[in-house]
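# Report on the structure
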Amino acid sequence: MIALTASRLYTPLESIEQPVVMLEGAQIVEVSSRTQRPIPEGVQRVDFGDSILAPGYVDIHVHGGAGHDVMEMDTTALPAVEQLLAKHGVTSYLPTTVTASSDHTLAALDRLATAIENAERAPGSHGRRAQPVGIHLEGPFISFERRGVHPPQDLLPPTLPVFERLWQAARGHIRMLTIAPELEGARAVIVEAARCGVCVSLGHSDAKLHEARAAVEAGARHATHTFNAMRPLGHRDPGIVAAVLTDARLSADIIADGIHLDPTIVELFLKMKGPDSAVLITDATAATGMPDGHYRLGWFEVEVKNGMCTAEGRLAGSVLTMDRAVRNVTKFAGWGLQQALRLATLNPSRVVGLSHRGKLEAGCEADIVVLSPNGEVRATFIRGVRTEAGDGR
Ligand SMILES: [Zn+2]
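Per chain, residue numbering runs from 1 following the sequence as it is written. Local features in a predicted model are, by the rule used here, given only for residues with pLDDT of at least 70; side-chain atom pairs are given and counted only at 80 or more, and totals for whole chains, interfaces and linings are based on all residues. For side-chain calculations, the full set of non-hydrogen atoms in the structure is used, while hydrogens and water are omitted.

## What about the coordination of the zinc ion?
Heads up, the rule is: With water omitted from the atoms examined, metal sites may look incomplete; donors here are N, O and S atoms no farther than 2.8 Å from the metal, or 3.2 Å in the case of Na, K and Ca. Four donors are marked tetrahedral only if all angles between them lie between 85 and 135 degrees, whereas four are marked square planar and six octahedral if opposite donors are more than 155 degrees apart and the other angles lie between 65 and 115; the remainder are marked irregular. A run of DSSP states H or I qualifies as a helix once it reaches four residues; a run of E qualifies as a strand once it reaches two. Both are numbered from the N-terminal end. Exposure categories follow from relative accessible area, calculated using a 1.4 Å probe and restricted to protein chains: below 20% of the type maximum is buried, above 50% is exposed, and the middle band is partly exposed.
Those protein atoms acting as donors to the zinc ion are His61 (NE2), His63 (NE2), Glu138 (OE) and Asp283 (OD), and they sit at 2.0 to 2.3 Å. The site at the zinc ion holds four donor atoms, and with the angles between them running 84 to 168°, its shape is irregular. Along the chain, the residues donating to the zinc ion are arranged with the sequence spacing H-x1-H-x74-E-x144-D. Of the two residues, Glu138 sits in the loop between strand 13 (135-137) and helix 4 (160-169) while Asp283 sits in the loop between strand 18 (278-281) and strand 19 (293-297), which places them 145 residues apart along the sequence. Looking at Asp283, the relative accessible area reads 5%, which means it is buried.

If you want it as structure tokens, here you go:
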């Protein structure tokens, strides 16, 4: 048994002064305060001084990092990405595919399913790496007009047989599906994916308001990188963005790097979705944690210059890390750290149905991030295994 102590803890719904978190192996057995309960005799104490303890971050949109893409065939790729995530406080994540040829996609889904199953089976050997807990399928059911950098030749109209093939290749590990609801055939796929327990997310879409609302009726529950790769908000053509901002049944995520959205739009979004429904993602590519240069995203190349990731002049994912996204929310919208943390912990866990993550309470996984008072990562615990912080980029 280990007792972690620090100056404050966010569950994140509650704030606890002088906290004690008792860990037994990979699990949290108790969360309390030293002011109420002394640390039992014989328990090893690890004190983090003036630090803040929070749930490990959950990133539901990750393409890569540390020079590697999650769709790569190389078996060293995923561990490299996961070590980088851990250094930035991420303890679980959804490896995210981009549109690629059918063969490449099916092979990547099979490999990712194996990685998810191996990590689940052997927590100890997974060690100091963020855990893949499901797949986010970002293509191929997306809009040609709003495809961003997804290769147009590989986009597919949504059909049940194609969804079924993808589902089988992933052995049921798809947790999130980004889909453009205006495409012919989308409704049937939304209904079926929701029935399978997948979080259906609206994105890469040119949908008009009524098309987005119809998708919510069919079972869509979330929106992917709101504003980016979406029909823009117009005051006489409200479109999908207005549905996302006003419909309380939809949670929604944003890339809060200060590049994908103006900081004031981040503030606007947070005012509309509030602390219950807003989610932070990174949309991180292989270039994350690396110097400027050329990197791959799925099966195409992106260029990174001054922190901006592009392909053929269009934004192509980011080099954002989750710890920076959380700090940006405190800067851009003036939110306190406790509230900002919800967007990277409890909210994404709920969105994709992870029941024992994203919060600090007895019975949950011992996934914990140790933060400085300003939100810099000092250490990360993944199922009870400690790893040290990165460079804070
Ligand atoms: Zn993406």
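## Considering a nonpolar patch on the surface
Threshold: Residues forming no salt bridge and having over 30% relative accessible area are the ones grouped into patches, like charges within 9 Å of each other and nonpolar side chains (Val, Leu, Ile, Met, Phe, Trp, Tyr) within 5 Å. All accessible areas in this document rest on Shrake-Rupley with a 1.4 Å probe, and a residue is counted as covered only by the protein chains that are shown. One side-chain nitrogen of Lys or Arg within 4 Å of one carboxyl oxygen of Asp or Glu is enough to make a salt bridge.
Together, Ile259, Met308 and Leu315 give the surface a local cluster of nonpolar side chains, amounting to about 210 Å² of exposed area. Residue position: Leu315 is located in strand 22 (residues 314-315). Since its relative accessible area comes to 31%, Leu315 is described here as partly exposed.

## A look at the nonpolar core
For clarity, the cut-off: Here, nonpolar core refers to any group of buried Ala, Val, Leu, Ile, Met, Phe, Trp, Tyr and Cys residues whose side-chain atoms link them within 4.5 Å. Contacts: residue pairs with any heavy atoms within 4.5 Å of one another.
Judged by nonpolar contacts, the single largest core of 102 residues is most densely connected at Tyr57, Ile60, Leu177, Leu270 and Leu280. Those residues in contact with Leu270, other than ones at most four positions away along the chain, are Ala278, Val329, Ala333, Trp335 and Leu343. Listed in part, the 17 residues of the second largest apolar core include Val21, Ile28, Phe48 and Val370.

## Overview of the sheet that holds strand 19
Hydrogen bonding along the main chain pairs the strands of a sheet, whether they run parallel or antiparallel. As a reminder of what qualifies: By definition, two strands form a pair when at least two bridges between them are found by DSSP.
Ordered by their spatial adjacency, four strands build an open sheet running 19-20-21-22, and the pairing between neighbours is antiparallel. Looking at strand neighbours, the two that pair on one side only are strand 19 and strand 22, the edges of this open sheet. Where strand 20 (residues 300-305) meets strand 21 (residues 308-311), three bridges bridge the pair, whose relative direction is antiparallel. Bridging across to strand 21, Lys305 finds its partner in Met308.

## A short note on the side chain of Ser201
Selection criterion: In protein, a polar contact requires one atom able to donate a hydrogen and another able to accept it; more generally it is a pair of N or O atoms within 3.5 Å, and residues adjacent in sequence count only if both atoms are side-chain atoms.
Turning to its location among the elements, Ser201 is positioned in strand 15 (residues 199-202). Here the side chain of Ser201 touches Thr224 through a polar contact of 2.7 Å, side chain to side chain. Excluding residues that lie within four positions of it along the chain, Ser201 makes contacts with Met176, Leu177, Thr178, Ile179, His222, Ala223 and Thr224.

## Concerning empty space enclosed by the protein
Using the following cut-off: Method remark: on a 1 Å grid restricted to protein atoms, a set of points is classed as a cavity if a 1.4 Å probe fits but cannot get out and as a pocket if it is open with protein on both sides within 12 Å along at least five of seven lines; lining residues have an atom within 4 Å of a point. Grid points are joined across faces, edges and corners, and a volume is the space filled by probe spheres set on the points. Any residue outside Ala, Val, Leu, Ile, Met, Phe, Trp, Tyr, Cys, Pro, Asp, Glu, Lys and Arg is labelled polar, Gly included; the first ten of those are nonpolar and the last four are charged.
Taken as a whole and judged by the stated rule, the model has two cavities of 30 Å³ or more. The computed volume of the largest cavity comes to approximately 70 Å³. Forming the walls of the largest cavity are Asp59, Gly64, Leu84, Leu85, His88, Val90, Thr282, Ala284, Thr288, Leu320, Thr321 and Met322. Looking at side-chain class alone, the lining of the largest cavity contains six nonpolar, five polar and one charged residues. Computed from the structure, the second largest cavity encloses a volume of approximately 60 Å³. In this structure, the second largest cavity is lined by Ala100, Ser101, Ser102, Thr105, Pro140, Leu156, Val162, Arg165 and Leu166. Contributing elements (two or more residues each) for the lining of the second largest cavity: helix 2 (102-121) and helix 4. The biggest single contributor to the lining of the second largest cavity is helix 4, with three residues. Of the residues in the lining of the second largest cavity, the class split is five nonpolar, three polar and one charged.

## A short note on the pairing of strand 1 (residues 2-5)
Across four bridges, the pairing between strand 1 and strand 6 (residues 44-47) is parallel. Bridge pairing in strand 6 places Ile2 opposite Gln44. Relative to strand 4 (residues 19-24), strand 1 is paired through four bridges, and the arrangement is antiparallel. The residue of strand 4 that forms the bridge with Ala3 is Met22.

## A word on the environment of Met71
Turning to its location among the elements, Met71 is positioned in the loop between strand 10 (68-69) and helix 1 (77-87). The buried category is assigned to Met71, whose relative accessible area is 0%. Separated by 26 residues in the primary sequence, Met71 and Thr97 place their C-alpha atoms 6.5 Å from one another. When near neighbours in sequence (up to four residues on either side) are disregarded, Met71 contacts Thr97, Val98, Ala100, His104, Thr105, Ala108, Arg111, Gly298 and Trp299.

## Some remarks on the sheet that holds strand 4
The condition is simple: Note on definitions: angles span 0 to 180 degrees between N-to-C directions of axes, and those axes are lines fitted to C-alpha atoms, for helices only across the stretch in contact.
Spatial ordering of the open sheet is given by 5-4-1-6, a layout of four strands whose pairing is mixed. Across the chains shown, the open sheet's two edge strands, defined by having one partner strand only, are strand 5 (27-33) and strand 6. Averaged over all pairs of adjacent strands, the angle between their axes in this sheet comes to 25°, without regard to strand direction.

## Topic: the side chain of Asn228
Topologically, Asn228 is positioned in the loop between strand 16 (222-223) and helix 7 (239-246). Apart from the residues within four sequence positions on either side, Asn228 is in contact with Ile255, His260 and Leu261.

## Some details on the pairing of strand 20
Here strand 20 shows one buried face, formed by Phe300, Val302 and Val304, and one open face, formed by Glu301, Glu303 and Lys305. With five bridges joining them, strand 19 and strand 20 adopt antiparallel strand pairing. The partner of Leu297 across the bridge, within strand 20, is Phe300. Connecting strand 19 to the antiparallel partner strand 20 that follows it, the hairpin turn spans two residues, and Gly298 within it adopts a positive phi of roughly 60°.

Note that every value here comes from positions in space, so none of it alone points to a role or purpose.
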